[in-house]
Amino acid sequence: MGFFNEFPAMERTDLRDLKKGIDASFKDFSRSWGESIEAFFDPLFYFLVYFEKLLLSTPWPIIISIVAGLSYWGSRSWRLSAGAAISFLFIGYLGMWDNTMSTVALISVATFICIALGIPIGVAMSKSDRLQSTITPILDVMQTIPIFVYLLPVVMLLGIGKVPGLIAVCVYAMPPIVRLTNLGLRLVDKEILEAADAFGSNYRQRLFSVQLPLALPNIFAGVNQTIMMALAMVVIASMIGVKGLGVPVLQSIQNQYLALGMMNGLAIVALAIIFDRVSQKYGKRLQRHREGGSDV
Amino acid sequence: MSKYKIEIKNLYKIFGPNDKDMVELVANGTGKQELLDKHGHVLGLKNVNIGILANSVNVIMGLSGSGKSTLIRHINRLIEPTVGEIIVDGENVLGMNHEKIRDFRRFGASMVFQKFGLMPHRTVIENAMYGLNIQGIASVEAEKRAKHWLNRVGLSGFEDRFPAQLSGGMQQRVGLARALATDADILLMDEAFSALDPLIRADMQTILLDLQAELHKTIVFITHDLDEALRIGDDIAILRDGELIQKGTPQNIVLKPADDYVADFTKDVNRARVLTLNTLSHDTGSKEGLRLDGDLSIEQAMQQMVNSEYNLVTVMNDSTPIGQVSLSDMVGAISRPDATNSGSTTTYR
């Protein structure tokens, strides 16, 4: 009866040895490869540092003008643009300017990386069903695995700092852009693709002049989601030494500083809303051909 | 050099995983339903042999499911055949590699689609330029040519609209301009006017005929509408269940339907508009009639006769009389075929 009452698990010693073995081999791996992997990510590090310094050293009125200008360029809405400027003024007035600049730098670089990697992966996935069925479970893992589980090996390999934080953010934030690029390309009207083929388009012409433009609404939804998810990771990233709005939030959790946590948390929300509204409006503006009927 | 611009020879298309193995079964008489039930394959085209005349409008017609849209897509190889040959200007399209087939599609044959196939994110002029962009023509030149063709189909002033802002008829004019702009000899039109309402459709037919009178393209026109086929076709081929049933001039189809299927199609046709004096003309008698050109339709001839005192027509070819047609010949010819069998004794040329 013992067989049914107790699960026939592995011997405790064997299990311990297995775990130890995996740990030891990963440690060996990180000892022998850690430095070269770090070197591989160096350009990313320098880019991030450079961008952060640039934001921090630029006088605040210029930053606010740029924020307002970009918001207007993206959304063509004075209200949104004014709202963004006022939010930033508030954030600065409440003493969160430097942290906000660090966070904006991190989010921008992370979003850039996610787009640069995610769109080509999505394009490849849309071309091959086999690739799609391989990559989809990987994306599922990236989105659902507890963050600390992959944070640990990343920290073991690269130590604590900006680059591991950036990698953690990207792992979590990349899946939506990959998924939605794939989806968007697969949803493009077959008849339009046939027309493109009938006029002798080659693969590149078909992709850039027909498929990507028509998949743009979905791709934009992906970019938007990626930005939101990257912002959601700001606090986690601060745990492994990334500067920014996450740091005071973390402090407030540890020390029960209610007001500090609230302010910085709301600053993150403000960033999220600005990024979201501007990118959505911009995406819509690219789709102006969908408004049928009236004059252009 | 044959008189045909495109020759389709022994073309079979069977949809399914073992299509090649099924060809022999089909060739030996396995029907469409049997092939589907017993072997799980769908018969698309069965041993189709068609010659497409150069510089004329070749209509391929049939009901939905007859394989006509499948057939037209073989010509520019949007669909790969199971077996067969498609010879265009002496070259087998099916032997072309990717590079060559792309060039053929860019320069040799352009296409117009039933649902227009316009690119919604491009403006009218950008759509009309599409084929030229693909050909690699500089944008200033491409824009000039696209503008010219938009003007020819009556869309001047709409260049900067988006397709969604145009009516169906206007959208298809953009489709036509896009196809004409590439300057290809062959124009493939897949039910191009079927999605349009009757008045607009007649309009588009007129535009096409006017353009054709000047351009002399080799047009392959797919339709399920016999009136349309008779109006624009120089030559009509009728498909049923993937098989070619009959091919001939519009008059031929109407006067001598190959079987009941075709007869059924043609019974409601306005025969007075399709048949010409040439078809009815028989040996000259001694009597002198109203002198009319042989290319006139019976409808037109009757109108002329009403305004004169004649009840006989002397059919003219240029200025020589080639035969005559009496009023009763005409009445006999425009009555339905089941009625003519027992009635008129006229023998048609």
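What you see is a predicted model; the values in this text were computed from it and never measured.

Peer 1: Can you explain the nonpolar core? Please cite residues and give values.
Peer 2: Among the nonpolar cores identified, the biggest contains 137 residues, and Leu176(B), Met189(B), Phe221(B), Leu277(B) and Met330(B) are the most heavily contacted of them. With 13 residues, the single largest contributor to this core is helix α5 (residues 97-127) of chain A. No fewer than three residues from each of domain 1 (4-269) and domain 2 (272-340) of chain B sit in this core. Once you skip the residues sitting within four places of it in the chain, Phe221(B) turns out to touch Val57(B), Asn58(B), Val59(B), Ile60(B), Met189(B), Phe193(B), Leu208(B), Glu228(B) and Ile232(B). In terms of nonpolar packing, the next biggest core, distinct from the first, is built from 28 residues, Ile72(B), Val88(B), Phe113(B) and Leu239(B) among them.

Peer 1: Tell me what's going on with the pairing of strand β9 (residues 235-240) of chain B, and back it up with residues and numbers.
Peer 2: Residue and element names in this part refer to chain B. The buried fraction of β9 is high, at 5 of 6 residues. Note that strand β3 (residues 57-61) and β9 share 4 bridges and pair parallel. Paired with asparagine 58 across the two strands is aspartate 235, which belongs to β9. Inspection of the sheet shows β9 paired to strand β10 (residues 243-248) by 5 bridges, in the antiparallel sense. Note that in β10 the partner of isoleucine 238 across the bridge is glutamine 246. Once β9 ends, the chain turns through 2 residues before running back antiparallel as β10, passing aspartate 241 with a positive phi of about 45°.

Peer 1: Describe the packing of aromatic side chains, with residues and values.
Peer 2: Applying the stated criterion to the full structure yields 11 aromatic pairs over all chains. Ring centres of Phe3(A) and Phe4(A) lie 5.4 Å apart, and the angle between their planes is 90°; on these two criteria the pair is classed as edge-to-face. Residue classification places Phe3(A) among the exposed positions, given a relative accessible area of 57%. The ring of Tyr203(A) has Lys127(A) lying over it, and the distance from NZ or CZ to the ring centre is 4.5 Å. Stacked on the ring of Tyr261(B), the Lys or Arg Arg240(B) has its end atom at 4.6 Å from the ring centre.

Peer 1: Give a description of helix α7 (residues 147-158) of chain A that names residues and reports values.
Peer 2: Residue and element names in this part refer to chain A. Here α7 contains 12 residues, and its C-alpha end-to-end distance of 16 Å stays within 8% of the 16 Å for a straight helix at 1.5 Å per residue. The set of residues buried in α7 consists of Ile147, Tyr150, Leu151, Val154, Leu157 and Leu158. When α7 is viewed along its axis, its buried side chains cluster within an angular range of 130° and face the same direction. Of the surrounding elements, those touching the buried residues of α7 are α2 (12-57), α8 (162-186) and α11 (234-239).

Peer 1: Help me get a handle on the packing of α2(A) against α8(A), residues and values and all.
Peer 2: Between two packed helices, the angle of one axis relative to the other and the distance separating the axes together describe the packing. Residue and element names in this part refer to chain A. Packing of α2 against α8 brings their axes to within 9 Å, and their N-to-C directions diverge by 95°. With respect to α8, the axis of α2 lies roughly perpendicular. Residue-level contacts link Phe41, Leu44, Phe45, Leu48, Val49 and Glu52 of α2 to Lys162, Val163, Leu166 and Ile167 of α8.

Peer 1: I'd love a proper account of helix α7 (residues 139-152) of chain B, names of residues and values included.
Peer 2: Residues three or four positions apart in an α-helix share a direction because the helix packs 3.6 residues into each turn. Residue and element names in this part refer to chain B. Relative to the 20 Å expected for 14 residues at 1.5 Å per residue, α7 spans 20 Å between its end C-alpha atoms, a close match to the ideal helical length. Residues of α7 that are buried: Ala142, Ala146, Trp149 and Leu150. End-on view of α7: buried residues confined to an arc of 105°, all on one side of the axis. Away from the buried face of α7 by more than 90 degrees, exposed residues Val140 and Lys144 are located. The secondary structure elements touched by the buried residues of α7 are α5 (124-128), α6 (130-135), α8 (168-181) and α9 (198-215). A positive phi of about 80° marks glycine 154, the residue just after α7.

What counts and what doesn't
Residues numbered from 1 in each chain as written. Chains lettered and ligands numbered in written order. Predicted model: local features only at pLDDT ≥ 70, side-chain atom pairs only at ≥ 80, totals over all residues. Heavy atoms only, no water. Core = buried A, V, L, I, M, F, W, Y, C linked by side-chain atoms within 4.5 Å. Buried < 20%, exposed > 50% of the residue type's maximum accessible area, 1.4 Å probe, protein only. Helix = DSSP H or I, 4+ residues; strand = E, 2+ residues; numbered from the N terminus. Domains from an automatic or database assignment. Contact = heavy atoms within 4.5 Å. Pairing = 2+ DSSP bridges. Phe/Tyr/Trp six-rings, centres within 6.5 Å; stacked < 30°, edge-to-face > 60°. Lys NZ or Arg CZ within 6 Å of the ring centre and 35° of its normal. Expected span 1.5 Å × (residues − 1). Arc of directions from axis to C-beta. Axes fitted to C-alpha atoms, helices over the stretch in contact; angles between N-to-C directions. Parallel < 35°, antiparallel > 145°, perpendicular 65-115°, else oblique.

Interpretation in functional terms is not warranted from these geometric data alone.
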